[in-house]
Amino acid sequence: MVERLSTLTFYTLGAAALAVAFAKIKSRLELSRAKHRSLTGHVRMSRRVASLVPFYEFDEDHFFRSDDAPDDVASRRRTGFMRLADLYRERFTETRRLTAEVREGMSDLQFTDAYRVPFQYSRLVREHLRAGSFLKSSEGVMLTDLDGNRFYDLAGSYGVNVFGYDFYKSCMEKGYEQVRELGPVLGAYHPVVARNVARLKEISGLDEVSFHMSGTEAVMQAVRLARYHTRRTHLVRFCGAYHGWWGDVQPGIGNPVPAHETYTLAEMSEATLRVLRNRRNIACVLVNPVQALHPNVGAPADSSLVDSRGGAGFDKEAYSAWLRELRSVCTGRGIVLIFDEVFLGFRLAPGGVQEYFGVQADLVTYGKTLGGGLPIGVVCGRSRFMKRYRDDRPVDICFARGTFNSHPSVMGAMHEFLLRLDTPEIRKLYENIDVTWNERAQRLNKRLADEGLPVRMINMSTVWTVCYDTSSRYHWMLQYYLRAEGLALSWIGTGRIIFSRRRLVGE
């Protein structure tokens with residue numbers, strides 16, 4: 001009898017172990033299916049591959065025939081390149097000189113210079129086509145460099161410039177007038193903070209606000225709060241999305257160490273929703289809505305624009321439906337839904353992305369343009385997710401502070417920004433915004449097609465991306481020709497164009 005019971009116990013334990021193992025395998029397969037098939041969707045693999053790619057570069061001969069072009073084509077490329085180089089040397093003399101002077105002591109500049117084009121071409125481009133990285137002044141949508149060259153701003157200060165630079169200069173000046181008497185006093189608050197909090201609560205539709213120094217810091221705090229209140233460990237981010245340079249939200253290339261508590265999943269995927277429904281360790285889901293323009297693909301850069309980018313294309317209805325479904329799943333599973341509006345906030349609608357797509361998040365992060373021209377990061381959220389301490393466990397806190405959080409000058413400029421956001425002139429800019437900018441993109445695309453050029457624009461309001469109908473190893477050259485024509489681009493070049501809406505006034 002004892003022997004029979006021992007045998008039964010053995011089989012019972014074995015069956016239980018098999019059941020546990022099967023459940024783990026099933027969960028792992030489920031997670032694997034929810035990852036995007038690209039290398040970007042497999043962040044650990046992408047880091048391994050990146051570490052194995054050796055450096056090499058083309059000499060001057062191969063530079064112009066890296067695609068095995070015939071001699072006559074390579075010769076024409078060389079002639080055009082050198083003619084453009086002569087123009088750059090003549091037109092950007094002082095700007096180039098100061099850039100070269102400071103470059104060796106400024107690591108930021110070295111990084112952006114090195115990755116403006118594919119690394120195989122970089123040395124020769126830096127030698128001949130360096131336009132410089134310094135500007136003297138701004139006015140409206142125009143920029144002026146040290147040599148007096150004027151450019152249309154197509155970089156948008158990485159999302160800051162929604163209403164034209166004069167708008168922000170005025171916000172900074174008027175804001176400082178309000179807080180001048182307090183000056184740089186930190187810790188206590190200037191009264192404009194109270195008005196900013198009230199207005200941000202109205203805009204976000206949420207209960208509480210906290211201030212930070214950057215968008216990256218705001219995202220860090222939002223994730224930390226979600227983990228604190230759910231008592232869960234993992235965050236979900238979507239393939240290709242950018243949420244700042246903090247390690248947990250940049251687990252792939254660019255992060256020296258792997259992120260162990262981050263899932264990078266495919267956006268607009270039923271398999272992803274299945275993971276969210278079934279996993280118990282997910283604290284929050286991060287959404288950067290600019291990805292609606294190119295789901296599961298990183299921000300396009302000239303260093304990677306080789307093939308034709310079929311992945312870009314904005315479908316507002318489809319993305320709205322995805323966000324609604326995501327909202328429903330997160331609510332059902334007690335997962336905190338975070339909208340990262342640092343880049344897009346106030347660009348698509350006065351109420352931001354939540355208003356534009358018609359979906360309410362639990363936490364929202366803002367930055368860039370909200371600071372009225374000065375650095376800012378903001379978290380708005382539901383009360384139950386914003387509290388940083390527990391009434392029943394006084395030592396168990398969620399710490400977050402910063403010396404310059406709520407700096408009076410920043411709060412003053414933000415106050416001016418929020419006041420002007422409600423003026424008739426600014427409100428007018430949001431009327432028929434999609435129709436206006438879609439028509440502009442369509443007109444440009446028609447002109448490009450009429451000229452027989454294999455390039456077209458895909459847009460989400462004032463954020464545009466460049467797509468090519470054919471593949472080429474030299475797409476990155478377009479940014480240098482555009483600059484020669486007075487169009488200033490960001491360091492990621494023609495992959496992303498960010499317009500100001502200033503010229504819509506009076507239309």
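The coordinates are above.
Residues numbered from 1 in each chain as written. Predicted model: local features only at pLDDT ≥ 70, side-chain atom pairs only at ≥ 80, totals over all residues. Heavy atoms only, no water.

Enquirer: Help me understand the pairing of strand β10 (residues 377-381), please; the structure alone is not making it clear to me.
Expert: In summary, the side chains of a regular strand alternate between the two faces of the sheet. With 5 of 5 residues buried, β10 is to be regarded as a mostly interior element. What you see with β10 is no split at all: Gly377, Val379 and Gly381 on one side and Val378 and Cys380 on the other are buried throughout. One ladder, built from 5 bridges, connects strand β4 (residues 208-212) with β10; its direction is antiparallel. Counted as the bridge partner of His212 is Gly377 from β10. With 5 bridges connecting them, strand β9 (residues 363-367) and β10 associate as antiparallel partners. For Val364, the partnering residue across the bridge sits in β10 and is Cys380. (Buried < 20%, exposed > 50% of the residue type's maximum accessible area, 1.4 Å probe, protein only. Helix = DSSP H or I, 4+ residues; strand = E, 2+ residues; numbered from the N terminus. Pairing = 2+ DSSP bridges.)

Enquirer: Teacher, can you tell me more about the packing of helix α11 (residues 270-278) against helix α12 (residues 316-333) here?
Expert: Relative placement of two packed helices is described by the angle separating their axes and the distance separating the axes. Between α11 and α12, the least distance of the axes is 9 Å, while the angle of their chain directions is 15 degrees. Our classification of the angle between α11 and α12 gives roughly parallel. Note on packing geometry: the crossing formed by α11 with α12 is right-handed. Taking contact as the criterion, the partners of Glu270, Thr272, Leu273, Leu276, Arg277 and Asn278 in α11 are, on α12, Trp322, Glu325, Leu326, Val329 and Arg333. In terms of residue class, the contact of α11 with α12 is built from 5 nonpolar, 2 polar and 4 charged. (Axes fitted to C-alpha atoms, helices over the stretch in contact; angles between N-to-C directions. Parallel < 35°, antiparallel > 145°, perpendicular 65-115°, else oblique. Left-handed = near helix turned anticlockwise from the far one by under 90°. Contact = heavy atoms within 4.5 Å. Nonpolar A, V, L, I, M, F, W, Y, C, P; charged D, E, K, R; others polar.)

Enquirer: How should I be thinking about the nonpolar core in this particular structure?
Expert: The tendency in soluble globular proteins is for nonpolar side chains to be buried as a group. In this structure, Phe163, Val285, Leu326, Leu370, Val378 and Phe417 are the most contacted members of the largest nonpolar core, which totals 69 residues. When neighbours within four sequence positions are excluded, Leu326 is seen to be in contact with Phe238, Leu273, Leu276, Val285, Val287 and Leu337. Of all hydrophobic cores here, the second largest spans 24 residues; its members include Phe58, Tyr88, Ala131 and Ala484. (Core = buried A, V, L, I, M, F, W, Y, C linked by side-chain atoms within 4.5 Å.)

Enquirer: Looking at this structure, how should I read the packing of aromatic side chains?
Expert: Geometrically, a pair of aromatic rings is defined through the distance of the ring centres and the angle of the planes. Applying the stated rule across the entire model yields 30 aromatic pairs. Relative to Phe81, the ring of Phe63 lies with its centre 5.3 Å away and its plane at 65 degrees, an arrangement referred to as edge-to-face. Pair noted here: Phe63 is in helix α3 (residues 60-63) and Phe81 is in helix α4 (residues 71-91), with a separation of 18 residues, a long-range link. Among the aromatic side chains, those forming a connected cluster through ring pairs are Phe55, Tyr56, Phe58, Phe63, Phe64, Phe81, Phe119, Tyr121, Tyr474 and Trp476. One Lys or Arg, Arg483, reaches over the ring of Phe92 and ends 6.0 Å from the middle of that ring. (Phe/Tyr/Trp six-rings, centres within 6.5 Å; stacked < 30°, edge-to-face > 60°. Lys NZ or Arg CZ within 6 Å of the ring centre and 35° of its normal.)

Enquirer: Looking at this model, I keep getting lost on the state of the cysteines. Mind explaining?
Expert: Working definition of a disulfide: a covalent bond connecting the sulfur atoms of two cysteines. For the coordinates displayed, the defined rule picks out 0 disulfides. For Cys171, which is in no disulfide, the shortest distance to another cysteine sulfur is to Cys380 and amounts to 18 Å. Exposure remark for Cys171: the relative accessible area of 0% places this residue in the buried category. (Disulfide = S-S within 2.5 Å.)

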